[in-house]
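Single-letter residue listing:
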Amino acid sequence: MKRLLSGVLFLLLSSAALAQDAGMASGWTLLDQFDKPYTADAGLQVVLIARDMTGNKLVKSALEGRPAGYLEARHAVFVADISRMPAPISAMFAVPAMRNYLYRVLLDRDARIASRFSAQPDVVTWLRLEQGKVVDTRRFDNAEALRQALEQGAP
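Residues numbered from 1 in each chain as written. Predicted model: local features only at pLDDT ≥ 70, side-chain atom pairs only at ≥ 80, totals over all residues. Heavy atoms only, no water.

### Examining the side chain of Gln33
Residue position: Gln33 is located in the loop between β1 (29–32) and β2 (37–39). Among the polar contacts made by the side chain of Gln33, one reaches the main-chain amide nitrogen of Val105 at a distance of 2.8 Å. Once residues within four sequence positions are removed from consideration, Gln33 is found in contact with Val95, Met98, Arg99, Tyr101, Tyr103, Arg104, Val105 and Leu107. (Helix = DSSP H or I, 4+ residues; strand = E, 2+ residues; numbered from the N terminus. Polar contact = N/O pair within 3.5 Å; in protein donor to acceptor, adjacent residues only side chain to side chain. Contact = heavy atoms within 4.5 Å.)

Next up, the structure:
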């Protein structure tokens, strides 16, 4: 009986974790580095999430030399989880530096979005969406591999 209960508990916890990743990836709103709101909708196909500076640098490197609107043309957004960064540091240094980027950075100041998914530090988490639902998750620790995936349109 104890094994059965353990098995059921494992299945429930696994289902909850899968439901979290497969949950709604649309309908949320974040401000970008210019304080302009962005609301995810059913047309969004790719969400890139960086939980730290390492992930941010991977995205920056992968998008180097790409024109403005590159992510938007691929129905993609980049979410930077800056929730662990002290507010004065982000306000004085990080966000102003991001204003020089040729791409939009959605700032997850409270980890409202990144925490919904199994985004990890030191990598970029790639969420592929269909009609607002996560259908695939990948991790990138290499800027060139991320760039190639963006060029191909899907991992």
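### Regarding the packing of aromatic side chains
Enumeration according to the criterion identifies 4 aromatic pairs in this entry. In textbook terms, an aromatic cluster arises when at least three aromatic residues are bridged by ring pairs, as seen for Phe78, Tyr101 and Tyr103. (Phe/Tyr/Trp six-rings, centres within 6.5 Å; stacked < 30°, edge-to-face > 60°.)

### Observations regarding the pairing of strand β6 (residues 124–130)
Within β6, 5 of the 7 residues are buried, which leaves the element mostly enclosed by the surrounding structure. With 7 bridges connecting them, β6 and strand β7 (residues 133–140) associate as antiparallel partners. The residue bridging Arg128 from the neighbouring strand is Asp136, located in β7. Between β6 and β7, which pair antiparallel and follow one another directly, the connecting turn spans 2 residues, one of which, Gln131, has a positive phi of 50 degrees. (Buried < 20%, exposed > 50% of the residue type's maximum accessible area, 1.4 Å probe, protein only. Pairing = 2+ DSSP bridges.)

Everything listed is a geometric property; what it means functionally is a separate question.
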